[in-house]
Amino acid sequence: MAPAIEGMVPAIESSEGNNKMNKGYQYPSWKKKLRGLVVDNEELCRIVEKGIMGLCGVETQAVETGEAAVELIASGATFDIIVIDRFLPSMTGPETARKMREMGVESKIIGLFALYFEGDEEEFVAAGVDDFKEKPLSPNWLVPMLRELDN
């Protein structure tokens, strides 16, 4: 049997309904349409993070740079949750988050890091990030955050 993941329930084998199933779990469905943005310069990470958010019921876009994320926001795109990698080329994750906050973005912003260096958390917090997590993105902490956003 698959390990328990908070916020997910064992699925009944069925192709009916709008809930997605993966490895024996039925992912939650949301009252409202949740939209997410992944900002990560590593292609494999973008694919995995976008996939996990998608499986968790979040319509997700992914971009490679902080500049691309800021341009997307400037074009009028809105998101409920934004996941930003710490190490991005030219505009770092914290710089990207700071710029988004200066633009008036009120989305939940999660900073991700693969390698932790002293001061990373403080830099993310100072930039206006709501939370920071170690990679990989995980349904164990993502689903409760999404549940909060859906209420």
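Residues numbered from 1 in each chain as written. Predicted model: local features only at pLDDT ≥ 70, side-chain atom pairs only at ≥ 80, totals over all residues. Heavy atoms only, no water.

## A word on helix α5 (residues 139-150)
Argument step 1. When the terminal C-alpha atoms of α5 are compared, their 15 Å separation across 12 residues agrees well with the 16 Å that a helix rising 1.5 Å per residue should span.
Argument step 2. Here α5 has its buried residues at Pro139, Trp141, Leu142, Val143, Met145, Leu146, Leu149 and Asp150.
Argument step 3. Here the buried face of α5 lies against β4 (34-39), α1 (43-55), β5 (58-63), β6 (81-85), β7 (108-113) and β8 (131-134). (Helix = DSSP H or I, 4+ residues; strand = E, 2+ residues; numbered from the N terminus. Expected span 1.5 Å × (residues − 1). Buried < 20%, exposed > 50% of the residue type's maximum accessible area, 1.4 Å probe, protein only. Contact = heavy atoms within 4.5 Å.)

## Side note on the environment of proline 94
Argument step 1. The topology assignment puts proline 94 in helix α3 (residues 93-102).
Argument step 2. Distance in space between the C-alpha atoms of proline 94 and alanine 126 is 8.1 Å, their sequence separation being 32 residues.
Argument step 3. Residues within four places of proline 94 in sequence aside, it is in contact with Arg86, Glu123, Phe124 and Ala127.

## Details of unusual backbone geometry
Most peptide bonds take the trans form, and the phi angle of most residues other than glycine is negative.
Argument step 1. The omega torsion of the bond from lysine 135 to proline 136 falls at 5°, within 30 degrees of zero and hence cis.
Argument step 2. Mapped onto the secondary structure, proline 136 falls in the loop between β8 and α5.
Argument step 3. Its identity is not glycine, yet serine 90 carries a phi of approximately 60°, on the positive side.
Argument step 4. Here serine 90 shows up in the loop between β6 and α3.

## Re the side chain of glutamate 49
Argument step 1. Note that glutamate 49 resides in helix α1.
Argument step 2. If near-sequence neighbours (up to four positions away) are discounted, glutamate 49 is found in contact with Val38, Asp40, Leu112, Lys135 and Leu137.

## Digging into the sheet that holds β4
Argument step 1. Spatial strand order, β5-β4-β6-β7-β8: 5 strands in an open sheet with parallel pairing. Each edge of the open sheet is held by one strand with a lone partner, namely β5 and β8. Ignoring strand direction, the axes of neighbouring strands in this sheet form an average angle of 20°.
Argument step 2. Where β6 lies against β7, 5 bridges are found, and the strand directions are parallel. In the strand pairing of β7, isoleucine 82 is matched with isoleucine 109.
Argument step 3. Against the sheet, α5 engages β4, β5, β6, β7 and β8, with an angle of about 170° to β7. (Pairing = 2+ DSSP bridges. Axes fitted to C-alpha atoms, helices over the stretch in contact; angles between N-to-C directions.)

## Quick word on the environment of glutamate 106
Argument step 1. You can see glutamate 106 is positioned in the loop between α3 and β7.
Argument step 2. Sequence-wise, glutamate 106 and glycine 128 are 22 residues apart; in three dimensions their C-alpha atoms are separated by 9.8 Å.

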